[in-house]
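# Survey of secondary and tertiary structure
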Amino acid sequence: MKIKGIVAATFSAYKADGSLNIELIPTLVDKLVADGLTGVYICGTNGEGPNLTIEERMTVAEAYIKAANKRLLVLVHVGHTSIHESKKLAAHAAQLGADAISSIAAFYFKPSTVQNLVDCMAEIASGAPNLPFYYYHMPTLTGVGMDMVDFLKLGEEKIPNLAGIKYTASTLHEYQACLGYKNGKFDVLSGYDEMLLPALAVGAEGAIGSTYTFAAPVYLRIIELFRACKIEEARALQAKVIDFIRAIIKHPSIAAQRAIVKMLGIDLGNPRLPLVGLSDTAYNELKADLEEIGFFDLLKMYSAVKQMA
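Position numbers for residues start from 1 in each chain and track the written sequence from start to end. With pLDDT at 70 or above as the cut-off, local features in this predicted model cover only qualifying residues; side-chain atom pairs require 80 or more to be listed or tallied, and sums for whole chains, interfaces and linings still use all residues. Note: side-chain values were computed over all heavy atoms of the structure, leaving out hydrogens and water.

### Overview of the pairing of strand E6 (residues 162-167)
By the criterion of burial, E6 is predominantly enclosed, with 6 of the 6 residues buried. Regarding topology, helix H7 (residues 172-180) serves as the crossover connection from E6 to the parallel strand E7 (residues 187-190), and that connection is right-handed. Only protein chains enter the area calculation, which uses a 1.4 Å probe; residues under 20% of their type maximum are buried, those over 50% are exposed, and those in between are partly exposed. Working definition: helices are DSSP H or I runs of at least four residues, strands are E runs of at least two. Numbering for both runs from the N terminus. Think of it like this: strands point away, you trace from the first strand over the helix to the second, and a clockwise trace means the crossover is right-handed.

Structure representation (structure tokens):
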């Protein structure tokens, strides 16, 4: 299986008391289906997987799979500081009918070599041997920044269900090398929204990102323009994406993106500590910045184009 198009790395939803707001998931899924996404990636970084209990993560996975009802692929992130718990989450995802599983490297006691990393991922992937497994490469968060081509070389021997990598790093040359490994044997999904166009230029066909949750029509237009060889137009639209991402990263990224989802009509509640939501001042500053660069107008325009199509 190779995933084409874009997959939203969705955010967790909480009620005022801090408990999960599972009831909101069908609304979010319906929006993503309407926006034209290929799938959802749940309980990852933006989904605050490490901030949820094992039981909560299982509940979230069940809710997404039920709401998606095969209209979207559901990729379940099962990464945990405990390999045992990761394997349990993998088995649960398979039992529910997930389309794929994924895991980040352990981020407290870290893998020390590529082989050690492969051994860890093999143990996790064995919990769901019939599901495609994607290693989630995000060295800026985990501190595990090993050579991913070496990972594929060793991984293909040790992980029978290795499908590829969720590649969330800015090293475009290594990303391209992973795409080209054994004539494209593995599915290497681009993980930096602000680098979608460069990733397409070196051969990407699929991508996973957080801002796809609320701005998918813009990114889908970039893909359409690229495939139509309208490179200047694609470049101009990617530049607009970078403008609104630069507005986001003036603030804590997850909090700012959750605020944007609220601005668009879906209140996800406040994230869990140690994450905090934006203050009223920061919320208003972000909204003003987005209005100034025309983000909401841009989104409205390409959402309308998507609906007409």
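### A short note on the pattern of salt bridges
Salt bridges are counted wherever a side-chain nitrogen of Lys or Arg sits within 4 Å of a carboxyl oxygen of Asp or Glu. Inspection of every chain in the model, using the stated rule, returns 14 salt bridges. Of the charged contacts in the structure, one is a salt bridge between Arg71 and Asp30, with a shortest N-O distance of 2.9 Å. Of this pair, Arg71 sits in the loop between helix H2 (54-68) and strand E3 (73-77) while Asp30 sits in helix H1 (residues 25-35), and the two are 41 residues apart along the sequence. One salt bridge connects Asp289 with Lys250, and the closest N-O pair in it is separated by 3.2 Å.

### As for the layout of surface pockets
Considering only enclosed or pocket space, the largest pocket measures out at about 670 Å³ in volume. Along the wall of the largest pocket there are 33 residues; nearest its centre are Thr45, Asn46, Met138, Ser253 and Ile254. Put simply, the parts of the chain that give the lining of the largest pocket at least two residues each are helix H5 (139-142), strand E8 (206-209), helix H10 (231-248) and helix H11 (253-263). For the lining of the largest pocket, the element with the highest residue contribution is H11, accounting for 3 residues. Under the scheme applied, nonpolar residues are Ala, Val, Leu, Ile, Met, Phe, Trp, Tyr, Cys and Pro; charged residues are Asp, Glu, Lys and Arg; polar residues are all the others, including Gly. Of the residues contributing to the lining of the largest pocket, the split by class is 16 nonpolar, 13 polar and 4 charged. Put simply, the grid is 1 Å and covers the protein atoms alone, a cavity is a trapped set of points that fit a 1.4 Å probe, a pocket is an open set with protein on both sides within 12 Å along at least five of seven lines, and lining residues have an atom within 4 Å of a point. Grid points are joined across faces, edges and corners, and a volume is the space filled by probe spheres set on the points. Of the voids in this model, the second largest pocket is the one considered here, and its volume is about 240 Å³. Lining the second largest pocket are 15 residues, and of these Lys262, Gly269, Asn270, Leu278 and Tyr283 sit closest to its centre. Of the residues forming the lining of the second largest pocket, the biggest block, 4 residues, is contributed by H11. Residues belonging to the lining of the second largest pocket are distributed by class as follows: 7 nonpolar, 4 polar and 4 charged.

### Some details on empty space enclosed by the protein
Scanning the entire structure with this criterion turns up 3 cavities of 30 Å³ or more. Its volume calculated, the largest cavity comes out at about 110 Å³. Along its surface, the largest cavity is lined by 15 residues, and Phe11, Ser12, Ala13, Val60 and Tyr64 are the ones closest to its centre. Broken down by secondary-structure element, the contributors of at least two residues to the lining of the largest cavity are H1 and H2. Looking at side-chain class alone, the lining of the largest cavity contains 11 nonpolar, 4 polar and no charged residues. The computed volume of the second largest cavity comes to approximately 70 Å³.

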